[in-house]
Amino acid sequence: LIDVEFSAGNGTPSIVEVEQYELPFRRYTLQKQGVSPSSARVARVIGNSMSPLLNDGDAVGIDTSKIKVTDGDTYAIRDGDLLRVKILIERPDGGLLIRSFNREDYPDEVLTKEQRQDRVTVLGRVWWSSKLW
């Protein structure tokens, strides 16, 4: 378990990593989802830009081996100094569309190829989430 907060808002600059040797799911679940235990990370989401898909305080499972963008999937990214969880869509010109689930309050961000290369690193695909009620 990595205790890192990823923003589902405008981004969070805080990174607090606490390595633990337990995961909130079984190896069977990882195998069924095609996630290697060595590539599995868990992080907490803060903010409401991904609501109601992901809410403030929810935990997400991230597969760090999946960094190639599949349009419409949700990813953990480093955007400059910020950690974010967002829906990503490739643009034909090599740019990137960064989308929040809560599009009413958080409009799409369109990055050129150059902006993408300078700002964004895909850390992994989100494959699991917990819901807090």
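Keep in mind that what you see is a predicted model, and the values were worked out from it rather than measured.

Participant: Before we move on, can you summarise the overall build of the protein with the specific residues and values?
Facilitator: When helices and strands are counted, the protein shows 2 helices and 8 strands. Overall, the protein shows an N-to-C arrangement of helices and strands of β-α-β-β-β-β-β-β-α-β. The burial tally for the protein puts 39% of its 133 residues in the buried class. Put simply, of all contacts in the protein between residues at least 6 apart along the chain, 57% involve residues at least 24 apart. Of the accessible surface of the protein, which amounts to about 7,600 Å², a share of 49% is contributed by carbon and sulfur atoms.

Participant: I'd like a rundown of unusual backbone geometry, residues and numbers included.
Facilitator: A cis amide bond, omega 0 degrees, links S51 with the succeeding residue P52. Topologically, P52 is positioned in the loop between β2 (40-46) and β3 (59-63).

Participant: Just give me the short version of the pattern of salt bridges, but keep the residues and values in it.
Facilitator: Throughout the structure, instances matching the rule amount to 10 salt bridges. Here R84 ties to E109 by a salt bridge, and the two come within 2.6 Å at their closest N and O atoms. Residue R84 is located in strand β5 (residues 82-90), and its partner E109 is located in strand β7 (residues 109-111); the two are separated by 25 residues in the primary sequence. R84 gets classed as buried once you look at its relative accessible area, which sits at 4%. We classify E109 as partly exposed; its relative accessible area is 24%. Three or more residues joined by partner-sharing salt bridges are found here, namely D79, R84, E109 and R119.

Participant: Would you mind going over the environment of G57 in detail, with residue names and values included?
Facilitator: In this structure, G57 sits in the loop between β2 and β3. Put simply, G57 and A43 are 14 residues apart on the chain and 9.6 Å apart in space, counted from C-alpha to C-alpha.

Participant: Quick rundown of the pairing of β3? Include the residues and the values.
Facilitator: Within β3, 5 of the 5 residues are buried, leaving the element largely enclosed by the surrounding structure. Side-chain alternation along β3 places A59, G61 and D63 on one buried face and V60 and I62 on a second face that is also buried. Where β3 meets strand β8 (residues 120-129), 4 bridges bridge the pair, whose relative direction is antiparallel. Its bridge partner lying in β8, V60 is registered against S129.

About the cut-offs
Residues numbered from 1 in each chain as written. Predicted model: local features only at pLDDT ≥ 70, side-chain atom pairs only at ≥ 80, totals over all residues. Heavy atoms only, no water. Helix = DSSP H or I, 4+ residues; strand = E, 2+ residues; numbered from the N terminus. Buried < 20%, exposed > 50% of the residue type's maximum accessible area, 1.4 Å probe, protein only. Contact = heavy atoms within 4.5 Å. Areas by Shrake-Rupley, 256 points an atom, 1.4 Å probe, with all protein chains shown as cover. Salt bridge = Lys/Arg side-chain N within 4 Å of Asp/Glu carboxyl O. Pairing = 2+ DSSP bridges.

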